[in-house]
Amino acid sequence: MTDRQQYVWHDGMQSTHEFIKFGVPQGSVLGPLLFVLYTADLAPLIVEHRLHSHLYADDTQVYGWCQPTDASLLQANMSRCLDDVWRWMCSNRLQLNALKTEFI
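Note that this is a predicted model, so its numbers are computed, not measured.

1. Side note on the overall build of the protein
Consideration 1: Counting its regular elements, the protein contains three helices and six strands.
Consideration 2: Tracing the protein from N to C terminus, the helices and strands come up as β-β-β-β-α-α-β-β-α.
Consideration 3: The C-alpha radius of gyration of the protein comes to 18 Å, more than 25% above the 13 Å expected for a compact globule of 104 residues.
Consideration 4: Projecting the C-alpha coordinates of the protein onto the three principal axes gives extents of approximately 60 × 30 × 20 Å.

2. Concerning a nonpolar patch on the surface
Consideration 1: Where nonpolar side chains cluster on the molecular surface, the patch consists of Val24, Leu30, Leu33, Leu34 and Leu37 and spans about 440 Å² of accessible area.
Consideration 2: By secondary structure assignment, the location of Leu30 is in the loop between strand S4 (18-20) and helix H1 (31-38).

3. As for helix H3 (residues 71-91)
Consideration 1: A rise of 1.5 Å per residue sets the reference length of H3, with its 21 residues, at 30 Å; its end C-alpha atoms lie 30 Å apart and thus fit the reference within 8%.
Consideration 2: All of the buried residues in H3 are Asn77, Met78, Cys81, Val85, Trp88 and Met89. Here the buried residues of H3 occupy an arc of 115° about the axis, which is enough to place them on one side. Of the residues in H3, the exposed ones pointing more than 90 degrees away from the buried face are Ser72 and Ser91.
Consideration 3: Contact partners of the buried residues in H3: H1, helix H2 (42-47) and strand S6 (59-63).

4. Looking at unusual backbone geometry
Consideration 1: Even without a glycine there, the phi angle at Arg50 is positive, about 60°.
Consideration 2: Here Arg50 shows up in the loop between H2 and strand S5 (52-56).
Consideration 3: Of note in this structure, Arg93 is not a glycine but carries a positive phi near 60°.
Consideration 4: Along the chain, the position of Arg93 falls in the segment after H3.
Consideration 5: Given a relative accessible area of 58%, Arg93 falls into the exposed group.

Conventions used here
- Within every chain, residues take consecutive numbers counted from 1 along the sequence as written.
- Totals for whole chains, interfaces and linings use all residues, but because this is a predicted model, local features are given only for residues with pLDDT of at least 70 and pairs of side-chain atoms are given and counted only at 80 or more.
- Side-chain metrics rest on all non-hydrogen atoms present in the structure, leaving aside hydrogens and water.
- Numbered from the N terminus, helices here are DSSP runs of H or I no shorter than four residues, and strands are runs of E no shorter than two.
- We compute the radius of gyration from the C-alpha atoms alone; for a globule the expected value is 2.2 Å times N to the 0.38, where N is the number of residues.
- Here the term patch refers to residues with relative accessible area over 30% and no salt bridge, with like charges joined within 9 Å and nonpolar side chains (Val, Leu, Ile, Met, Phe, Trp, Tyr) within 5 Å.
- Accessible surface area values rest on a Shrake-Rupley calculation with a 1.4 Å probe, where residue burial reflects the displayed protein chains alone.
- For this analysis, a salt bridge means a side-chain nitrogen from Lys or Arg found within 4 Å of a carboxyl oxygen belonging to Asp or Glu.
- Expected helix span is given by 1.5 Å per residue-to-residue step, counting one fewer step than there are residues.
- Only protein chains enter the accessibility calculation, which uses a 1.4 Å probe; a residue is then buried when its area is under 20% of its type maximum, exposed when over 50%, and partly exposed in between.
- Summarising the geometry, the arc corresponds to the directions from the helix axis toward the C-beta atoms.
- The contact definition used throughout considers only heavy atoms, calling two residues in contact when any of these lie within 4.5 Å.

In short, shape yes, function no, at least from these values alone.
Below is the structure:
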């Protein structure tokens, strides 16, 4: 896991080699287990907001339910949760893809 390098090969041209400081090689045997360990704090963070989650591979779905009269409270809680998830991701060197994030 140390002294790893990567480069890009495209259309017969090769980029310079760069050392990799973080991450797990794609397709490694330990990749799925290390990802689960790395993201283990995410589900409890969501539960702190009294919400629920489904995690599959690198996708996370957060959901909750309420009476129709409480929809605005649920929306505000979901928004706070998303803010906390974003901060957690930043502190763990992960990126939230806003283009793939939906609020339904």
